[in-house]
Amino acid sequence: MPDTGDRRAVPVGTDRGAARVPVRGLTVLYDAECSLCAYLRDWLSRQAQLVPLELVPAGSEDARRRFPGLDHRATLDEITVVGDTGQVYRGAAAWVVTLWALREHRPLAHRLSTPAGTRLARGAVLAAARWRGGQGGGRVHRRADGWVYAPDRGWAYDPSACDAGGCGPHRATSS
C-alpha cells in the first residue's frame, strides 16, 4: 500500500514493514466517560512527546471512522493504542508503547518491556481496571446509560438524563 502521508489512512492490521519503517505517531483510544482515563488523557497531553500522540475518545465516531476494523466495544473496556504502521496494542502493551512515546518516560518503557517489567506493567493495568470497576460496583458508568458524575458526590443514576426511550440497563423494552 502506498504511503499517503496521512496516518489515519492506514487500515488497522496493515503492516507497512514495521521492522524497517519507524513509528511516526500513535493514536491512544481512551474512555472519555472514565474520570481516571480523562485524567491520564490530560496528563499525556502535557508530556513532551518523542512520538506524537493523538488522543481520541474510544467508541467515538472519529475512532470508528479512523479504525473501522477495530472492536470498538473492546476499546472501551481496555486501553487501546493504534500505531501509524497499523499495529494495535491493548492493555499493558498499550501503556508501555504510550510511555515509549514520551521523552521523560522512554527509559521506563524500556524497563517495562523486559519479562519482569511486563509483569509490573500488567499489574498496574489490572490495578487501574479494578479502580475503574470499583467506582461503580464492578461496572463502568456511562452518561449514555443515565449516569451523571459530580466530583463531590461521585456517580449517581439519573433516569431524567436519558432520552424518552430510556437508556442503558434500565432501557424500556417493547414486547
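Residues numbered from 1 in each chain as written. Predicted model: local features only at pLDDT ≥ 70, side-chain atom pairs only at ≥ 80, totals over all residues. Heavy atoms only, no water.

This next bit is on the pattern of salt bridges. One pass over the full model with this rule turns up five salt bridges. Put simply, R66 and E54 hold a salt bridge, and the shortest N to O gap is 2.9 Å. Separated by 12 residues along the polypeptide, R66 in helix α2 (residues 61–66) and E54 in strand β2 (residues 53–57) bring together distant segments of the chain. We note that R66, like E54, is buried. The residue D62 makes a salt bridge to R65 at a minimum N-O spacing of 2.4 Å. Residue D62 and its partner R65 are located together in helix α2, separated by three residues, close to a single helical turn. (Salt bridge = Lys/Arg side-chain N within 4 Å of Asp/Glu carboxyl O. Helix = DSSP H or I, 4+ residues; strand = E, 2+ residues; numbered from the N terminus. Buried < 20%, exposed > 50% of the residue type's maximum accessible area, 1.4 Å probe, protein only.)

Moving on: the pairing of strand β3 (residues 80–83). Burial along β3 is two-sided: T80 and V82 and V81 and G83, pointing in opposite directions, are all buried. In the sheet, strand β1 (residues 26–30) pairs with β3 via four bridges, with the strands oriented antiparallel. Along β3, the bridge assignment pairs V28 with V81. With three bridges connecting them, β3 and strand β4 (residues 88–90) associate as antiparallel partners. Bridge pairing in β4 links T80 to R90. Following β3, the chain reverses through four residues before pairing antiparallel with β4; G86 in that reversal takes a positive phi of roughly 95 degrees. (Pairing = 2+ DSSP bridges.)

What follows covers the confidence of the model for the chain. Taken over all residues, the pLDDT of the chain has a mean of 75, while the share at 70 or more is 61%. Contacts of residues 1–18 to residues separated by more than four positions or lying in other chains number 31 contacts, the stretch itself having pLDDT below 50. (pLDDT = per-residue confidence, 0-100. Contact = heavy atoms within 4.5 Å.)

Further remarks concern the nonpolar core. If you look at the biggest cluster of nonpolar residues, it comprises 18 residues, and the most contacted ones within it are L26, L53 and V81. At the level of elements, β1, α4 (92–100), α5 (106–112) and α6 (115–134) are the ones that each hand at least two residues to this core. Residue contributions to this core peak at five residues, all from α4. Sequence-distant contacts of L26, that is, excluding residues within four places in its chain, are made with V51, P52, L53, E54, V81, V82, G83, V97 and A101. (Core = buried A, V, L, I, M, F, W, Y, C linked by side-chain atoms within 4.5 Å.)

A separate point is the side chain of H72. Tracing the backbone shows H72 in helix α3 (residues 72–77). With a relative accessible area of 6%, H72 lands in the buried category. Look past the residues within four positions of H72 in its chain and what remains in contact with it is G59, A63, R64 and F67.

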